Structure formats: C-alpha cells, structure tokens
Amino acid sequence: MSHQESLTAYLAAFSAELVHSGIKDVVISPGSRSTPMAMVLAEHPDLNIHIHVDERSSAFFALGIAKASNRPVAILCTSGTATANYFPAIIEAKYSRVPLIVLTADRPHELREVGAPQAIDQIELYGKHVKWFAEMALPEANKDIIRYARTFCARAAAIASQAPAGPVHLNFPFREPLIPKIDATLFELSERPKGYVKAHSGELTLTDADFKTIADNLQGSRKGIIVCGTIADGEFADAVTRLADVLKFPILADPLSQLRSGKHNQEHIIDTYDTFLRNADAKSFLKPDVILRFGAMPVSKALTIFIKENPDAEQYVVDGASGWRDPALLSTDMIFCNETLFCEKLLGYAKAEDTAEYLLKWKQINQLAKNGMAQIRDKTDMSEAKLFYQLAEMLPEEATLFVGNSMPIRDLDSFFLNNQKSIKVLANRGANGIDGTISTAIGAALYSKKMYLVLGDLTFFHDLTGLYIAKRYGIDINIILINNNGGGIFSFLPQSEHSEQFELLFGTPLDIDFSHAVKMVDGHYARISDWNHFSSEIDQTRYSSEIKVMEVVTNREKNLAEHREFWNSVSQEISKFVNGERS
Ligand SMILES: Cc1ncc(C[n+]2csc(CCOP(=O)(O)OP(=O)(O)O)c2C)c(N)n1
Ligand SMILES: [Mg+2]
C-alpha cells in the first residue's frame, strides 16, 4: 500500500471508532501537520466539525460542549505552540471532571530535537493534567496497526468518560506528504469488525451492611446538615431532598448543585448561608454534629470556614468518582459511592425523624437573611447584587445560566435564591480561571435551550476571540457584561488597604469601549441605563437569536460599600434574634 493509502486507512479507522465511541463534536484549529486527521474527520458524515483559529478558545469551546451534552468532545490542532494553547482548558476539564479527547499532530520521530520548524516536545506535554497519554504509532495499514488505532481510540474515549471524567491526550506523528486519499470509499474498509472492544463500567456502591451502619449513625435527632456542591446528575435533586426530609437535615445548596432551581421539593433547601454564616452568633446557634457532603467544595468561603470551625463534627464526604475533596482535612468518612445511589439506598434504611428542631433553626435564620434581601431588591441604582437577585425571576423557563468567576459566581451564590424554574447553572469552577469563559458558554449554548452568560469586564476581555465562534456558527448567546472597570473582587481583599499600589496591580481598569468588540462580530449591543431597560432587554432575548451583549456599568467602591452595608444589617438582625432565643 502507498504512504497515502496507509495514512488514509489508519485515520479512517480512528475516525470511525471515534464515532462508535459516542463522539459527535470535534473542534479543529487550522494547521499543516494536522492536515490528514482534519481532512478525514471532516469527511465523516456523523461528526459535527467546528473550526476555530484560536486553540485556547477552541479547547474551552469544546469543554462547554462536553459540559452541556454530557459527551466527550475531541479537539485537534497542529504541532508547536498550538498544543500549549490547549492547556488552560485541559486543566479546567481535569478539575471539573469533563471528558475531552485531545488530539495533537506532531513531527515524526526523525524530526524531533533536531531543530526542525514548529517542533516542540509534545510527549506528556500536559503532565498529570490528563488521565492518559499515548504517543501514537506512525500510520500503517496492516491489520494489527488498524486494530491498534481503533483500540486506542475506544480506550481514550472510555478513559475520558469513566468517573472521574477528564481529558486524555493522543499525540500523532505524521510524515509528509500529509494529504490523505479522500473518496467515496473512505470509511468503507473501516466498518467496525464484529465483536470489537466495548468498555463497560458501573456506578460505585457500598455493601448493604455499610449503608445500614451509616443510616443508623445519621439517625437519632442528630444536628446534621447536608452540603451540596457542584453535581451534574439530574436525578440527584429528587434523591437528596427526599433523604433530607427523612433525616430532617437542612440542605446547604451551592448554586452549582442544581438544587436552587427546579420542580423538586425545596422545603429544606437553605439558600442564603453565604450571608448568615458570616455572623458568629448564627454559627454558634447552628453548630452541627454531623456533616454530609456531596459534590465539589462549595463556592462560599463563609461555608468553608464554618466547616473548618467545626472539627468535632463527623464529616461524611460522598464521591461517586472516588475523589478526595476535603481541603479542610476534617472528613471522618470518605464514601466512594454514586451520590444518587447513596441517597436512595440510605432511604431504604432510614426511618423518618419526628423532631425537626435543629432544622427549624436553620430555616428561621435563612428567613431572616431573606428578609434582609429587601434592601437589595429595592435598590434603584444599577447594583451587582440586585442583578443576581433578579435573575431567577427574569430568566425564561429552561434557561441555562453560565456564570463567570470572580464576583459574579460569588454574587450568584449570595443573591440567586430558590425558585421553581428549570434553570441550569454552569461555571468553570475546576480551577476558577477567568480565561475561556465566553468560549465555554458558547460551547454549552450549542446544547442548551437559551444561554445567558454573566461575567465581569476583565473576564470578558480575556476571551474576546471566543465571540467569533458564535458569529461563525450562528449560536444564540445573551451576555450580561458587568463592567465595574477592573477587578471588583480585589476591593474585598486586604490589598485594597494599600491604595498607592491598588489600582496599578489589582484594580487594573481597562477604560475601553466594549461596544466595538460586539460590533466586530455583528452582535447587538445595549448599554443598560436602568432596571426597566435591563428587564426589557432580557425580555427581548426570548424572541431573538443572535449575539447580544447587555453592558451593566457599576462602580467598584460603591459595590463594596453596598455589600458591607447589607452584611452588617443582616448580621445585626440575626444577632438580635439569636440572643433573644437564648435569653
Ligand atoms: C486566568 C486567570 N488569571 C487571573 C486570575 C486572577 N483573578 C481572579 S478574579 C480577577 C479579576 C476579574 O475581574 P472581572 O472579570 O472584571 O470581575 P470582577 O472582579 O470585577 O467581578 C483576576 C484577575 C484568574 N482567576 N484566572
Ligand atoms: Mg470587573
């Protein structure tokens, strides 16, 4: 067989196997060394091919697709620095457990370490941030190598999907000439042979005896709380709320737990703990003796501190992917079991508690904090807090809300409260970067009904090239850009006391007119003037399908003062209440 035929047969087998493994979307960045793979993938009738020039943005875009579609996504780029631009999204994928199949093209071995152009060391480039790395063999068309190409593809997809899901990396050396033979018979020979490898896996579980012991231990009027961080499983909400009802434990629901929005029973869901756990009286009033944790660590620092301040509480950490998420190093029991299964199994052993005194205390304090939100609701000026407070009401049913890091995710945590709508909330909380946010949200928008992205001005600026993907593929995205001209979060940190250096090193105002960036991609831009304007612009998003950027201009100093005033006044009310209960 000729070089070209071998190259083609090898890559056709690989691409066919990618499809058999459930991959539907591939994001490709242009380049020369990746030519044969790009041309073959693009021919496959069952693959959606997305092209984007910026590899950093492409990888985040793929991450967003994978997050929303719950399927691994493949990305392909050429050799050299292109591969390094994938790194931030690979890191995010690892820590947020999202499956990515990273395909990088490389020089063949004789052109490595000899000064050949665009040749860098791509072997294990991403280190421990990928679950698996393989240096692929040079293309050949003999039976064994074809079978090998298929097996490694199936294996890559299986490893990427297996809990904890994450990125895998296959590096492909290609020798010139790089043009494959594209014709009608391209995938004919790569029909999947019968009985070919299939990966099987199941959910992690415990023994019945374990479930019984744990259930017994959680019973008997214990002062227990359930803490839920990011959980993607749609079945979890129903299972955990039923368990909470039986145990009479409050559920402290992170905004990414998907528990604050939806039709499930929200009776025991506490949504303002980030506000009231800043108050010492509330913390001593609500001291738990057992903590049951699910999902990633919550966003709220106040909650993290509260957990740390209760080292004597037994702490069960349930992780269906056998991770070890315990930064306080205080867990007493690490439970490697699928989270939904854990709740359901426990329900089989637990008897309904009849006293709910401790739960009631949580609800009373939660209500006080909610009452205090009136001062946020009644603001007439543009306010970052109020923006998040209003979102639940303003967004349409089945919206997806993607939230940028920095203050947006924190304000979401504080002010986005329980509601009955089916609003899915997403964020890049694996490594908390402000990079790639637009691209990830646009990727997620591909598999979401209506996407709303809320992010800060520096986060927006950081990922401007991502906007282009929405233009190129006509993806509907509604962006709420909170422009406080710099990093608002730093005003909440101790460096804000150092006024001589603060603006230069942390405030970092951009002083730019974002409307030009929106114009560049033919988007609709609106500079929001007041709350009525904001509400009518959001309303219009229901009927439009375009790139829409609503810029809300705020002020960092005023924002800090507003948050402080709110926390202080709620704190006073809570202390009054707690001290009244005690006396
Ligand atoms: C890639 C990356 N670089 C730097 C940081 C550090 N960082 C955290 S928040 C922040 C400022 C973000 O500003 P903006 O998006 O305007 O949000 P705001 O703080 O104003 O809410 C920076 C630079 C980070 N998290 N990720
Ligand atoms: Mg900002």
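The rules behind these values
- Residues numbered from 1 in each chain as written.
- Chains lettered and ligands numbered in written order.
- Predicted model: local features only at pLDDT ≥ 70, side-chain atom pairs only at ≥ 80, totals over all residues.
- Heavy atoms only, no water.
- Helix = DSSP H or I, 4+ residues; strand = E, 2+ residues; numbered from the N terminus.
- Rg over C-alpha atoms; globule rule 2.2 N^0.38 Å.
- Buried < 20%, exposed > 50% of the residue type's maximum accessible area, 1.4 Å probe, protein only.
- Contact = heavy atoms within 4.5 Å.
- Areas by Shrake-Rupley, 256 points an atom, 1.4 Å probe, with all protein chains shown as cover.
- Lys, Arg positive; Asp, Glu negative; His and termini not counted.
- Charge placed at Lys NZ, Arg CZ, Asp CG, Glu CD.
- Pairing = 2+ DSSP bridges.
- Axes fitted to C-alpha atoms, helices over the stretch in contact; angles between N-to-C directions.
- Donors = N, O, S within 2.8 Å, 3.2 Å for Na, K, Ca; no water.
- Left-handed = near helix turned anticlockwise from the far one by under 90°.
- Near = heavy atom within 4 Å.
- Polar contact = N/O pair within 3.5 Å; in protein donor to acceptor, adjacent residues only side chain to side chain.
- Nonpolar A, V, L, I, M, F, W, Y, C, P; charged D, E, K, R; others polar.
- Salt bridge = Lys/Arg side-chain N within 4 Å of Asp/Glu carboxyl O.
- Patch = residues over 30% accessible without salt bridge, like charges linked within 9 Å, V, L, I, M, F, W, Y side chains within 5 Å.
- Core = buried A, V, L, I, M, F, W, Y, C linked by side-chain atoms within 4.5 Å.

## As for the overall build of the chain
Working step 1: Helices and strands together make up the secondary structure of the chain, namely 23 helices and 18 strands.
Working step 2: Taken over the C-alpha trace, the chain has a radius of gyration of 26 Å; the compact-globule value for 583 residues is 25 Å, and the two agree within 12%.
Working step 3: Dimensions of the chain, computed from C-alpha atoms along their principal axes, come out at roughly 90 × 60 × 45 Å.
Working step 4: Split into buried and exposed, the 583 residues of the chain put 57% on the buried side.
Working step 5: Partitioning the contacts of the chain with sequence separation of at least 6, the portion at a separation of at least 24 is 78%.
Working step 6: When the accessible surface of the chain is totalled, it reaches about 23900 Å², and 52% of it is carbon and sulfur.
Working step 7: The centroid of the 59 positive side-chain charges in the chain is displaced by 2 Å from the centroid of its 73 negative side-chain charges.

## Comments concerning the sheet that holds strand E12 (residues 333–335)
Working step 1: Taken in spatial order, the six strands line up as E9-E8-E7-E10-E11-E12 in an open sheet, and their pairing is parallel. Each having just a single partner strand, strand E9 (269–270) and E12 make up the two edges of the open sheet.
Working step 2: Each of strand E7 (224–228), strand E8 (251–253), E9 and strand E10 (290–294) touches helix H8 (residues 236–247); the most contacted strand, E7, lies at about 170° to it.

## Here's the deal with the coordination of the magnesium ion (ligand 2)
Working step 1: The magnesium ion (ligand 2) binds to the protein through Asp457 (OD), Asn484 (OD1) and Gly486 (O), with metal-donor distances spanning 2.0 Å.
Working step 2: Counting the intervening residues between successive donors of the magnesium ion (ligand 2) yields the motif D-x26-N-x1-G. Pair noted here: Asp457 is in helix H18 (residues 457–462) and Gly486 is in the loop between strand E16 (477–483) and helix H20 (499–507), with a separation of 29 residues, a long-range link. Across the pair, Gly486 and Asp457 agree in class, each one buried.

## Some thoughts on the packing of helix H13 (residues 357–372) against helix H23 (residues 556–582)
Working step 1: The contact between H13 and H23 brings their axes to 9 Å, and the two run at 145°. Pair H13 / H23 crosses with right-handed handedness. Every residue of H23 that contacts H13 at Gln364, Ile365, Leu368, Ala369 and Gly372 is listed here: Phe566, Val570, Glu573, Ile574, Phe577 and Val578.

## Here we look at the site of ligand 1
Working step 1: Ser406, Asp457, Thr459, Asn484 and Gly488 are the nearest of the 17 residues found near ligand 1.
Working step 2: At 2.7 Å, a backbone N or O of Gly488 approaches an oxygen atom of ligand 1.
Working step 3: Relative to its unbound accessible surface of 590 Å², ligand 1 loses 75% to contact with the protein.
Working step 4: Listed by contribution, the elements that provide at least two residues to the shell around ligand 1 are helix H16 (407–415) and H18.
Working step 5: Among the elements that make up the shell around ligand 1, the one with the highest residue count is H18 (three residues).
Working step 6: Classifying every residue of the shell around ligand 1 gives six nonpolar, nine polar and two charged.

## What about the pattern of salt bridges?
One side chain can pair with another of opposite charge once the charged atoms of both are near each other.
Working step 1: Considering all chains together, one arrives at 28 salt bridges under this definition.
Working step 2: Residue Arg325 is joined to Asp319 by a salt bridge in which the shortest nitrogen-to-oxygen separation is 3.5 Å.
Working step 3: Owing to a relative accessible area of 2%, Asp319 belongs among the buried residues under this scheme.
Working step 4: A salt bridge links Arg377 to Asp378; the shortest N-O distance between them is 3.0 Å.
Working step 5: Several salt bridges converge on common partners, so that one network encompasses Arg97, Asp319 and Arg325.

## Comments concerning a negative patch on the surface
Working step 1: Judged by side-chain charge, Glu203, Asp233, Glu235 and Glu344 come together as a negatively charged surface patch.
Working step 2: When you line up the elements, Glu203 lands in the loop between strand E6 (167–173) and helix H7 (208–218).
Working step 3: The class of Glu203 is exposed, set by a relative accessible area of 56%.

## So, unusual backbone geometry
Trans peptide bonds make up the majority, and among non-glycine residues the majority have a negative phi.
Working step 1: With an omega of -5°, the peptide bond between Ala163 and Pro164 qualifies as cis.
Working step 2: If you trace the backbone, Pro164 turns up in the loop between helix H6 (143–161) and E6.
Working step 3: In this structure, the amide linkage connecting Glu176 to the following residue, Pro177, adopts the cis form with an omega of -5°.
Working step 4: With respect to the element layout, Pro177 can be found in the loop between E6 and H7.
Working step 5: The backbone of Arg97 sits at a positive phi, close to 60°, despite the residue not being glycine.

## Things to note about the side chain of Asn338
Working step 1: You can see Asn338 is positioned in the loop between E12 and helix H12 (339–347).
Working step 2: At 2.9 Å, the side chain of Asn338 and the backbone nitrogen of Leu341 are in polar contact.

## Examining the nonpolar core
Working step 1: Among the nonpolar cores identified, the biggest contains 64 residues, and Phe276, Trp362, Leu387 and Leu401 are the most heavily contacted of them.
Working step 2: Those residues in contact with Leu401, other than ones at most four positions away along the chain, are Leu391, Leu395, Leu412, Phe416, Ile423, Lys424, Val425, Leu426, Tyr452 and Val454.
Working step 3: One finds Phe61, Ile65, Ile75 and Leu426 within the second-largest nonpolar core, a separate group that totals 45 residues.

## Details of the pairing of strand E3 (residues 73–77)
Working step 1: Taking burial as the measure, the five residues of E3 include five buried ones, the bulk of the element.
Working step 2: With burial as the criterion, each face of E3 is covered, one bearing Val73, Ile75 and Cys77 and the other bearing Ala74 and Leu76.
Working step 3: In this structure, strand E1 (residues 25–28) lies alongside E3, joined through three bridges in parallel fashion. Its bridge partner lying in E3, Val27 is registered against Ile75.
Working step 4: Pairing of E3 with strand E4 (residues 100–106), which is carried by five bridges, proceeds in the parallel orientation. Looking at E4, one finds that Ala74 is bridged to Ile101.

## Side note on a nonpolar patch on the surface
Working step 1: Taken together, the side chains of Met39, Ile179 and Ile182 define a hydrophobic patch exposed on the protein surface, amounting to about 220 Å² of accessible area.
Working step 2: Residue position: Ile179 is located in the loop between E6 and H7.

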